[in-house]
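# Structural overview
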Amino acid sequence: MGRIAVAAGTAVLLSIALAGSSQAAEGTFFYNRADTGAEAFLGSTPNGACLSIRGGAEHALNDTDTDARLYTNSSCTSISRFLGSRQSDDYSAPFPTFVKFG
C-alpha cells in the first residue's frame, strides 16, 4: 500500500514538473491579416519569444493552451492586449503586429 502511495505521489510531482517546464504553447494561433484580410497562423509558438504577426491582426484566435499578449512593436514592450488560451478577439488600428506566449 505504501509503495502505491509513493508511486502515485511521484507521478503527480513529475507531471507538475513537466507542465512547468513547457517550452512552447501547444496548438495554433490563427489570425486575419489586417492588410489583406487573409487568414494566417503561427504553428510554432515558443513561450517568451516575441513573434511577428505579418500584416497585423484584425482578428485573432488563440487556439493554444497558453495565454498570449499582443503588441504593436518588435520588442514586445508596447502596451499589450491580453488574449487568453482558447479565446478570440477583434482589433482596430494600431493593429497588433507581434505576440508573446507564456
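The coordinates are above.
Residues numbered from 1 in each chain as written. Predicted model: local features only at pLDDT ≥ 70, side-chain atom pairs only at ≥ 80, totals over all residues. Heavy atoms only, no water.

Another aspect to go through is unusual backbone geometry. Note that the residue after Ala93, namely Pro94, is joined by a cis bond; omega there is -5°. Relative to the assigned elements, Pro94 resides in the loop between strand E9 (87-90) and strand E10 (98-101). You will see that Cys76, though not glycine, has its phi angle at about 55°, which is positive. Looking at the element boundaries, Cys76 is found in the loop between strand E7 (68-71) and strand E8 (81-83). Within the chain, Arg86 stands out as a residue other than glycine whose phi angle is a positive 65°. On the secondary structure map, Arg86 appears in the loop between E8 and E9. (Helix = DSSP H or I, 4+ residues; strand = E, 2+ residues; numbered from the N terminus.)

Attention shifts here to the packing of aromatic side chains. Under the definition given, this model contains three aromatic pairs. When the centroid spacing of 6.2 Å and the interplanar angle of 40° are considered together, the rings of Phe29 and Tyr31 count as tilted. The same class applies to Phe29 and to Tyr31, which are both buried. Each ring, one from Phe29 and one from Phe101, has its centre 5.7 Å from the other, and the planes form 85°; the classification is edge-to-face. Separated by 72 residues along the polypeptide, Phe29 in strand E2 (residues 27-33) and Phe101 in strand E10 bring together distant segments of the chain. The exposure class assigned to Phe29 is buried, which follows from its relative accessible area of 0%. On the accessibility criterion, Phe101 (1% relative accessible area) is buried. (Phe/Tyr/Trp six-rings, centres within 6.5 Å; stacked < 30°, edge-to-face > 60°. Buried < 20%, exposed > 50% of the residue type's maximum accessible area, 1.4 Å probe, protein only.)

Let us look at the sheet that holds E8. Sheet strands pair by backbone hydrogen bonding; their relative direction is either parallel or antiparallel. Read across the sheet, four strands follow the order E5-E10-E7-E8 without closing on themselves; strand pairing throughout is antiparallel. Edge positions in the open sheet fall to strand E5 (51-52) and E8, since each of these has one partner strand only. In terms of strand pairing, E7 meets E10 through four bridges, oriented antiparallel. Paired with Tyr71 across the strands is Phe98, a residue of E10. (Pairing = 2+ DSSP bridges.)

Turning to the side chain of Thr64, a few remarks are in order. Inspection of the secondary structure puts Thr64 in strand E6 (residues 57-64). Residue class for Thr64 comes out buried when judged on its relative accessible area of 0%. Not counting residues within four places of it along the chain, the set of residues in contact with Thr64 comprises Ala25, Glu26, Gly27, Thr28, Phe29, Thr45, Ser85, Arg86 and Phe101. (Contact = heavy atoms within 4.5 Å.)

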